[in-house]
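Reading the structure
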Amino acid sequence: MAGLLQALVGTSEKAAHIARLCRREEPLFQLLVAEKKGTDRNRRFLHDFKTLADVLIQEVIKHDLGKEFPDLRGHIHGEESNEFQTGQGDTVTVRVCATAGDTAALLLSVLEPEREAAELLAAAVHRDVELSDAELTRVELSLPTQDLAIWIDPIGEGGGCWQKCPLLKPRSGAHRHRGQCPLLKPRSGGGGGGEAAGHLAGQPRADGAHPRRWQGRYHWGVAYGGTKLSSLSPPQPRPVPCVVLSRAEGAAVRGVLDPLCGGRLRFAAGAGYKLLCVILGLADAYVLAEGTTFAWDACAPHAILRALGGGVVDLAEALRARREGDAGPPPELLYNRPLEGAVGAERWANRGGLVAYGHPQHLEALLAAL
């Protein structure tokens, strides 16, 4: 397990490097911002460049982890389709090739005529990354790779606009973005029943006052059986919970939570970002009443919250259980059971909404109010 966690850290750093590269290198940065409109829009790739970066990161993780851990091949799942249309109408399947030159040639078929951009991306894909984390090397846990699967959310652009909150403010002129890279779940039918077991979330551009210079950081956690390990310490609970919501959250939810929180409702963009706020103790809970998140959004933060003593529950199921008088632990989100009758991405939607929490006492108070 320690070896797998170290590999996840390495792939996360490579993914973060690609994300930072898109922001830093002029040929890539120009593609990132060149969203032309109307008849001036380049219909070949400009509209999809951000998606291409997502897909490339996703395929890097699949390639690198599958090469080192063959048992994981075919069990690494991502949010994005890796097929693109060229200007000639051909379909290109984005993947990591045997050499940087071959990968550059493949990317150029999508990005043509931007050869320099394709070569920069290919070099980053084939770059060797070695990170040393003394805590990870000490992890002793028997968790066979053949019982695991991985969900990937390549680049979660959370914006970081923490509205009306004194606890977290992005630096002037910068936004906080996070890339949620490799994350573990037991395979369908495997031990653990589909629970989030291991987590690695990276923030490729977590700090930096200058918009073209960024540093990254990552957080990890393992919760499996009676083992709970994390790179973070559990945050201290507030007497009155601070809850973060989406601005789109309904008036009914706001209305019952605001008195409970003593006016400490906060609002932020991006599901991954709000989950990270709970992990870091910037909020005590995140409530979402709508089914607008998916397995790849929640799995990694869920695992680290479990490692810290919290979790992520299915809101609709938790409320149903409470109405029926069930005082046991509320049902947590699972990641190996697609929704029956759903198609496409909706098969993996968290349709009942969710509550992410750092401390059980806050979860009970929230469920009682809701």
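About the cut-offs
Residues numbered from 1 in each chain as written. Predicted model: local features only at pLDDT ≥ 70, side-chain atom pairs only at ≥ 80, totals over all residues. Heavy atoms only, no water. Salt bridge = Lys/Arg side-chain N within 4 Å of Asp/Glu carboxyl O. Buried < 20%, exposed > 50% of the residue type's maximum accessible area, 1.4 Å probe, protein only. Helix = DSSP H or I, 4+ residues; strand = E, 2+ residues; numbered from the N terminus. pLDDT = per-residue confidence, 0-100. Contact = heavy atoms within 4.5 Å. Pairing = 2+ DSSP bridges. Axes fitted to C-alpha atoms, helices over the stretch in contact; angles between N-to-C directions. Core = buried A, V, L, I, M, F, W, Y, C linked by side-chain atoms within 4.5 Å. Arc of directions from axis to C-beta. Polar contact = N/O pair within 3.5 Å; in protein donor to acceptor, adjacent residues only side chain to side chain.

**What to know about the pattern of salt bridges**
Under the criterion given, the structure shown has eight salt bridges. For Arg24, the salt bridge identified is with Glu25, shortest N-O distance 3.6 Å. By relative accessible area, Arg24 is classed as partly exposed at 36%. Given the relative accessible area of 25%, Glu25 is considered partly exposed. One salt bridge in this structure joins Glu317 and Arg320, with 3.0 Å as the shortest N-O distance. Of this pair, Glu317 and Arg320 both sit in helix α10 (residues 315-323), separated by three residues, roughly a single helical turn. Here Glu317 falls in the partly exposed class, since its relative accessible area comes to 34%. By relative accessible area, Arg320 is classed as partly exposed at 34%.

**Description of the confidence of the model for the chain**
Looking at the chain as a whole, the pLDDT averages 80, with 78% of positions reaching at least 70. With pLDDT under 50 throughout, residues 35-47 is counted as low confidence; its partners more than four residues away or in other chains account for 16 contacts. Between residues 157-182, whose pLDDT stays under 50, and residues either more than four places distant or in other chains, the model counts 104 contacts.

**Digging into the sheet that holds strand β13 (residues 354-357)**
By definition, the strands of a sheet pair up through backbone hydrogen bonds, in either a parallel or an antiparallel sense. As summarised here, the arrangement of the five strands in space is β10-β9-β11-β13-β12, forming an open sheet in which the pairing is mixed. Looking at strand neighbours, the two that pair on one side only are β10 (265-267) and β12 (311-314), the edges of this open sheet. In this sheet, neighbouring strand axes are inclined to one another by 25° on average, regardless of whether the strands run parallel or antiparallel. Of the strands in this sheet, β9 (243-245), β11 (285-288), β12 and β13 touch helix α8 (residues 271-279), which is tilted by about 150° from β11. The strands touched by helix α9 (residues 295-307) are β12 and β13; relative to β12, the strand with the most contacts, the crossing angle is about 120°.

**Focus on the pairing of β12**
Going residue by residue along β12, you find Gly311 and Val313 tucked away on one face and Val312 and Asp314 tucked away on the opposite face as well. Looking at chain direction, β12 and β13 are connected through four bridges and run antiparallel. Considered in β13, the bridge of Asp314 is made with Leu354.

**Section: the nonpolar core**
Of all hydrophobic cores here, the largest spans 46 residues; its most connected members are Val94, Leu107 and Leu121. When residues of this core are traced back to their parent elements, those giving at least two are α1 (2-24), α2 (26-33), α3 (49-68), α4 (100-111), α5 (115-125), β4 (148-156) and β7 (215-224). Among the elements that make up this core, the one with the highest residue count is α1 (nine residues). Those residues within four positions of Leu107 in sequence are excluded, and the remaining contacts are Leu52, Leu56, Val94, Ala118, Leu121 and Ala122. With 30 residues, the next largest nonpolar core counts Ala271, Leu276, Ala298 and Val312 among its residues.

**Section: α10**
Where α10 is concerned, the buried positions are Leu315, Ala318, Leu319 and Ala321. Burial along α10 is one-sided: seen end-on, the buried residues are contained in an arc of 160°. On its buried face, α10 is in contact with β11, β12, β13 and α11 (360-369). Measuring from the backbone nitrogen of Ala316 back to the side-chain oxygen at the start of α10 gives 3.2 Å, which picks out Asp314 as the cap.

**Digging into the environment of Ala269**
Along the polypeptide, Ala269 turns up in the loop between β10 and α8. Overall, Ala269 belongs to the partly exposed group, its relative accessible area being 35%. For Ala269 and Ala248, which are 21 residues apart along the polypeptide, the C-alpha to C-alpha distance reads 9.8 Å.

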